[in-house]
Amino acid sequence: MKKQILFLMIALVGFVVGSIGLWDRLTTGHANAAYGSYVPWGLWVAEYIYFIGLSAGAFLLSTLVYVFNIRRLEKIGKLALLTALITLFAAMFAISLDLGHPERVLKIMFQTNFRSIMGWMLWFYTAYFILLLVEFWVAIRADLAAQGKQNALARFLTFGRTDTSEAAVAADRRTLRILGSLGVPLAIAFHGGVGALFGVIGARPFWNSGLTPIIFLVGALASGGALLTFLTAFFGPDQGSDEHRELVLFLGKIVLGLLAFDLLLEWAEYSIIYYASIPAHMDALRLVLFGPYWWVFWLVHLGLGVIVPIFLLTVSRRSVLAVGIAGFLVASTFISVRLNLVIPALALPELQGLENAFSGPGLTFQYFPSSTEWLVAAWIPSLAVLIFLAALRWLPVLTQPKEVA
């Protein structure tokens, strides 16, 4: 309970302070954002693909429970689905604030060009959101029904399905397996589609790679798995028990393997670019490694996001606290990976001398987020945390599933 109060206070501070930036964005539009004509994507786009990755990763781990029947993870199946749902909401909110006319998404939906990856992504997002919502409801339905006699909210949320018999629970399990099975290719498609959206842009050589969608997927699993590990360590069921400890340690092993695989892909990508030294590719990588914001890669990503977590997951691997902190570090610092993907590729002139050809507001290749962008970027995860804590309080997310023969 003390941990929940601590996170509640931190989230409330972020929500209140961040509301200043949100108000500025809603009243003045993009006037006080630092991105412009040459660097049109900034912090909010990076935050969007960051949250999308967390959602896809958490969901794919939930399929270990509902599709592949990994009993050791069954206690956190609903927690994984809730995490996927909330982070998807955060991602959609982040990208809606980046768009000039978010209402025009309806035009894309009803007049979709299916030769466009972005057109496909919209339909994937819609299908994924509906599937997540339905699957989460099915996962908690029996528990809501059991609480219905004492809880009016739970009784309302059952939508009339109040059967808690073994047959009904078994039917829910079968439904969850079907939905989870449908969700696996869908989650791969929609987050791989985000990677493909970057990978097919030939005008940005730093993005243009067949490996980009795979890197996105592995990064999603690593960051989403790390977030789920952190949440299980600090909020999961049976706190302090041997079962809880073993569950957290098992998740830590999964995260360690995924983090190592993600690091291998990053090494392959960067080392090949560096060895080939093709200027169009190398200039962006040079910005990542040695540019003005070199510390984002070396200190935030590699230091706090890789070296320290690997140390905690190997040397202190028997400690729940250490594994939980490692999960938090991997999940929270992964935004640096997304920033280093989005910004450097845009911060380079596509034509030699373009930076000196024109002058004016927004016509610069130098980008650092404005105070409005930072405040909004803090408000979005703060809102997500508040929703998460409210769900833990009012919904049966951590109640144990019934055993069904």
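Everything quoted here is computed from the prediction, not taken from an experiment. (Residues numbered from 1 in each chain as written. Predicted model: local features only at pLDDT ≥ 70, side-chain atom pairs only at ≥ 80, totals over all residues. Heavy atoms only, no water.)

Bringing the overall build of the protein into the picture now. Along its length, the protein carries 14 helices and zero strands. Its helices and strands taken in sequence order, the protein reads α-α-α-α-α-α-α-α-α-α-α-α-α-α from the N to the C terminus. Against the 2.2 N^0.38 benchmark of 22 Å for 405 residues, the protein shows a C-alpha radius of gyration of 22 Å, consistent with a compact globule. Across the 405 residues of the protein, 49% fall into the buried class. Taking the contacts inside the protein whose residues are at least 6 apart along the sequence as the reference set, 78% of them involve residues at least 24 apart. When the accessible surface of the protein is split by element, carbon and sulfur atoms take 71% of a total near 19,200 Å². Here the protein holds 26 positive side-chain charges and 22 negative ones, and the gap between their average locations is 7 Å. (Helix = DSSP H or I, 4+ residues; strand = E, 2+ residues; numbered from the N terminus. Rg over C-alpha atoms; globule rule 2.2 N^0.38 Å. Buried < 20%, exposed > 50% of the residue type's maximum accessible area, 1.4 Å probe, protein only. Contact = heavy atoms within 4.5 Å. Areas by Shrake-Rupley, 256 points an atom, 1.4 Å probe, with all protein chains shown as cover. Lys, Arg positive; Asp, Glu negative; His and termini not counted. Charge placed at Lys NZ, Arg CZ, Asp CG, Glu CD.)

Once that is clear, we can look at helix 9 (residues 242-276). The end-to-end C-alpha distance of helix 9, which contains 35 residues, comes to 51 Å, matching closely the 51 Å that a straight helix rising 1.5 Å per residue would cover. Two residues or fewer past helix 9, Ser 277 is found with a positive phi of approximately 55 degrees. (Expected span 1.5 Å × (residues − 1).)

By volume, the largest pocket is sized at about 1,400 Å³. Around the largest pocket, the lining is made up of 48 residues, and of these Glu 47, Tyr 50, Ser 332, Ile 335 and Ala 377 lie nearest the centre. Put simply, the parts of the chain that give the lining of the largest pocket at least two residues each are helix 1 (2-28), helix 2 (43-66), helix 3 (77-98), helix 8 (212-235), helix 10 (279-290), helix 11 (294-314), helix 12 (320-346) and helix 14 (371-394). Across the lining of the largest pocket, the residue classes break down as 39 nonpolar, eight polar and one charged. Around the second largest pocket, the lining is made up of 26 residues, and of these Met 92, Ile 95, Leu 99, Val 105 and Leu 122 lie nearest the centre. Classifying every residue of the lining of the second largest pocket gives 21 nonpolar, three polar and two charged. (1 Å grid on protein atoms, 1.4 Å probe; cavity = no way out; pocket = protein on both sides within 12 Å on 5 of 7 lines; lining within 4 Å. Points joined across faces, edges and corners; volume = space filled by probe spheres on them. Nonpolar A, V, L, I, M, F, W, Y, C, P; charged D, E, K, R; others polar.)

Turning our attention to the packing of helix 2 against helix 14. Where helix 2 contacts helix 14, the two axes come as close as 10 Å, and the packing angle between them is 20 degrees. Classified by the interaxial angle, the pair formed by helix 2 and helix 14 is roughly parallel. Seen along the crossing, helix 2 lies across helix 14 with a hand that is right-handed. Between helix 2 and helix 14, the contacting residues are Leu 43, Trp 44, Glu 47 and Phe 51 on the first element and Thr 372, Glu 373, Trp 374, Val 376, Ala 377, Ile 380 and Pro 381 on the second. (Axes fitted to C-alpha atoms, helices over the stretch in contact; angles between N-to-C directions. Parallel < 35°, antiparallel > 145°, perpendicular 65-115°, else oblique. Left-handed = near helix turned anticlockwise from the far one by under 90°.)

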